[in-house]
Amino acid sequence: MNSKIVDHLFRHQYGKMVAILTNFFGLSHIETIEDAVQDTFIKATIQWRNQIPENPEAWLIKVAKNRIIDLLRKIKADNIRYNKIASGAATIQFNELFLDHEIEDNQLRMIFVACHPKLKPNEQIAFALKTISGFSTKEIAAALLVKEETIKKRLTRARKTIIEKKIKFNFPPNNKINTRIERVLDVIYLTFNEGFHSTKKNHLISKDLCGEAIRLCKLLLKKEQFRSGSIYTLFSLMCFHASRLESKINEHNEIVDLEHQDRTKWYKPLINVGNNALLKSTEYKDISKYHYEASIAFEHIKAKTFATTNWKKILHWYKQLNQFYPSASSLLNTAIVKIQLEDYVSAYNILENINIKNLEQRSYLLYGCYSKYHEKTGNIDLAISFLEKSLTIVNNDLEKKYLLKKKEQLLIIKNTN
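Residues numbered from 1 in each chain as written. Predicted model: local features only at pLDDT ≥ 70, side-chain atom pairs only at ≥ 80, totals over all residues. Heavy atoms only, no water.

J.: Please clarify how unusual backbone geometry should be interpreted in this entry.
T.: With the exception of glycine, most residues fall at negative phi, and the peptide bonds are largely trans. Of note in the backbone geometry, Asn-253 takes a positive phi value of approximately 60 degrees without being a glycine. With respect to the helices and strands, the residue Asn-253 is situated in the loop between helix H13 (245-248) and helix H14 (268-281). Classification of Asn-253 as partly exposed rests on a relative accessible area of 42%. (Helix = DSSP H or I, 4+ residues; strand = E, 2+ residues; numbered from the N terminus. Buried < 20%, exposed > 50% of the residue type's maximum accessible area, 1.4 Å probe, protein only.)

J.: Can you walk me through the pattern of salt bridges in this structure?
T.: Opposite charge on two side chains allows them to pair when their charged atoms are near. Under the criterion given, the structure shown has 16 salt bridges. Residues Asp-39 and Arg-67 are paired through a salt bridge, measuring 3.0 Å at the closest nitrogen-oxygen approach. A residue pair is termed long-range when its members are at least 10 positions apart, and Asp-39 in helix H2 (residues 30-47) and Arg-67 in helix H3 (residues 56-74) qualify at 28 residues. Judged by its relative accessible area of 29%, Asp-39 falls in the partly exposed class. Since its relative accessible area comes to 27%, Arg-67 is described here as partly exposed. Residues Glu-246 and Lys-207 are paired through a salt bridge, measuring 2.5 Å at the closest nitrogen-oxygen approach. (Salt bridge = Lys/Arg side-chain N within 4 Å of Asp/Glu carboxyl O.)

J.: Can you help me understand the packing of aromatic side chains in this one?
T.: Between two aromatic rings, the relevant description is the distance of the centres plus the angle of the planes. Evaluation of the coordinates by the stated rule reveals 17 aromatic pairs. Residues Phe-112 and Phe-171 carry aromatic rings whose centres are separated by 6.2 Å and whose planes lie at 85 degrees to one another, so their mutual orientation is edge-to-face. Of this pair, Phe-112 sits in helix H6 (residues 100-114) while Phe-171 sits in the loop between helix H9 (148-164) and helix H10 (177-196), and the two are 59 residues apart along the sequence. With a centroid separation of 6.0 Å and 40 degrees between ring planes, the pair formed by Phe-240 and Phe-298 is classed as tilted. A residue pair is termed long-range when its members are at least 10 positions apart, and Phe-240 in helix H12 (residues 229-242) and Phe-298 in helix H15 (residues 289-302) qualify at 58 residues. With relative accessibility at 25%, the residue Phe-298 sits in the partly exposed group. (Phe/Tyr/Trp six-rings, centres within 6.5 Å; stacked < 30°, edge-to-face > 60°.)

J.: Got a minute to help me understand the nonpolar core in this structure?
T.: A general trend in soluble globular proteins is that nonpolar side chains are found buried together. Of all hydrophobic cores here, the largest spans 96 residues; its most connected members are Val-37, Phe-41, Phe-127, Ile-188, Leu-220 and Leu-234. When residues of this core are assigned to their parent elements, the largest contribution, 11 residues, is made by helix H1 (residues 2-25). Contacts of Phe-41, omitting those with residues within four sequence positions, involve Val-6, Leu-9, Phe-10, Gln-13, Tyr-14, Met-17 and Leu-60. (Core = buried A, V, L, I, M, F, W, Y, C linked by side-chain atoms within 4.5 Å. Contact = heavy atoms within 4.5 Å.)

J.: Is there a simple way to think about the environment of Phe-386 in this case?
T.: Mapped onto the fold, Phe-386 is located in helix H20 (residues 380-393). Look at Phe-386 and you get buried, because its relative accessible area is 13%. Phe-386 sits 23 residues away from Gln-409 along the chain, and the two C-alpha atoms are 14 Å apart. For Phe-386, the residues in contact, after removing those within four places along its chain, are Tyr-367, Tyr-370, Ser-371 and His-374.

J.: Please clarify how the side chain of His-374 should be interpreted in this entry.
T.: Turning to its location among the elements, His-374 is positioned in helix H19 (residues 364-376). Not counting residues up to four positions away in its chain, the partners in contact with His-374 are Asn-379, Ile-380, Leu-382, Ala-383 and Phe-386.

J.: Would you mind showing me how to read the packing of H15 against helix H16 (residues 311-324) here?
T.: The axes of two packed helices give the description: the angle between them and the distance between them. Remark: H15 packs on H16, axes separated minimally by 9 Å, with the N-to-C direction vectors making an angle of 165 degrees. Classified by the interaxial angle, the pair formed by H15 and H16 is roughly antiparallel. Crossing handedness for the pair H15 and H16: left-handed. Contacts between H15 and H16 pair Lys-289, Tyr-292, Glu-293, Ser-295, Ile-296, Glu-299 and His-300 from the former with Trp-311, Lys-313, Ile-314, Trp-317, Tyr-318, Gln-320, Leu-321 and Phe-324 from the latter. Per-class residue counts for the contact of H15 with H16 are eight nonpolar, three polar and four charged. (Axes fitted to C-alpha atoms, helices over the stretch in contact; angles between N-to-C directions. Parallel < 35°, antiparallel > 145°, perpendicular 65-115°, else oblique. Left-handed = near helix turned anticlockwise from the far one by under 90°. Nonpolar A, V, L, I, M, F, W, Y, C, P; charged D, E, K, R; others polar.)

J.: Can you walk me through helix H21 (residues 397-416) in this structure?
T.: Relative to the 28 Å expected for 20 residues at 1.5 Å per residue, H21 spans 29 Å between its end C-alpha atoms, a close match to the ideal helical length. Along H21, the positions that sit buried rather than exposed are Leu-398, Glu-399, Leu-403 and Leu-410. Seen from one end, H21 has its buried residues packed into an arc of 135 degrees, which puts them on one side. Residues Glu-408, Ile-412, Asn-415 and Thr-416 are exposed on H21 and point more than 90 degrees away from its buried face. Among the structural elements, H19 and H20 are those in contact with the buried residues of H21. A side-chain oxygen of the first residue of H21 lies 2.9 Å from the backbone nitrogen of Leu-398; this N-cap is Asn-396. (Expected span 1.5 Å × (residues − 1). Arc of directions from axis to C-beta. Polar contact = N/O pair within 3.5 Å; in protein donor to acceptor, adjacent residues only side chain to side chain.)

J.: I would appreciate a short explanation of the side chain of Ser-236 in the present structure.
T.: Locating Ser-236 in the fold gives a position in helix H12. The buried category is assigned to Ser-236, whose relative accessible area is 0%. With sequence-adjacent residues up to four places away left out, Ser-236 is seen in contact with Gly-274, Ala-277, Leu-278 and Ala-294.

J.: Just to check I follow, could you spell out a nonpolar patch on the surface for this structure?
T.: Side chains of Ile-287, Phe-324 and Tyr-325 sit close together on the surface and give an oily, nonpolar patch of about 300 Å² of accessible area. Positionally, Phe-324 belongs in helix H16. Among the residues examined, Phe-324 registers a relative accessible area of 40% and is labelled partly exposed. (Patch = residues over 30% accessible without salt bridge, like charges linked within 9 Å, V, L, I, M, F, W, Y side chains within 5 Å. Areas by Shrake-Rupley, 256 points an atom, 1.4 Å probe, with all protein chains shown as cover.)

Such coordinate-based values are descriptive only and should not be taken to indicate function.
Structure (structure tokens):
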């Protein structure tokens, strides 16, 4: 049980701890800080087996701070400075970093450091997921659909650039905010997606990651100078999706698709927050892919049943999204909508024009969609064949179980005809 508490705290505290300690020790020691925080959680896993401290967060910070001092002494850093940290003015300065507004500001500064233009875009996202949300290199590799070794190299280059270019731990100037915000939102979006539809093998959702992404978005919205239509619509989108988390998996740990989800389990207060954010976004002039995705999610959310879903309106928003931000994923979703509208010719044409390589680890979804198309058009043998293709490449155990169940249903249909 205590290991679960440590895992939960890791997700919620890792980014805070790194940001607070970076503000105090400096970006030049970022790798040492990350190592110290990591070591601290390992130590907590061992020491908390029998008893959890009264204030776990304070324990973590104290141990991490002491670990950093030890590491810096070992590499012969400025010993006088670090020897004085335990007492005097330095302690007062350090303690001030734990005021609520300071914690939030430190995390926001770290987000903008991660998305600094002197870092390459792929380095920005990898560094942000590692430093802000505490992703392991393996998790980042899965989220970004690349090899783990590639992520390790990106993180090394990012840290090296931060030191060599003397990047400061502060907010960007006002005239640079909009450009930097785009990358920040990409990172938050990726974090949420990994929580909502995990690439891990053994579980499909991680509420902690979804919550972390929503929390980071709320931090941005607290600052007037950062607010925009894009942030409000991303926040809205995540609220709509998160409201359905309880209905995605049933009591038998099985996936429940949108058609069969119990809509009474959808969390209304979160839907209302999402609605308000979507409305608020109209006060701003900027447009992003999140506007269209939030509008699509809203159509699903407001439908009282799957049968009453306004698929024509959803198709409209997908057309807009594909024009604004074309991707293999949105094309695949467009094909799914076409199947719902029984426009099978258009659906098939779209599927034929999707490059499966662009779906990477989600490529099994294309075969799943082909299976649905053939099921709806009466070719059960081909529907089964495409499901079998999907089963050979799907990684997640729950999704594999879901596809096997679909295959069994198709075999029953075949044998009764």
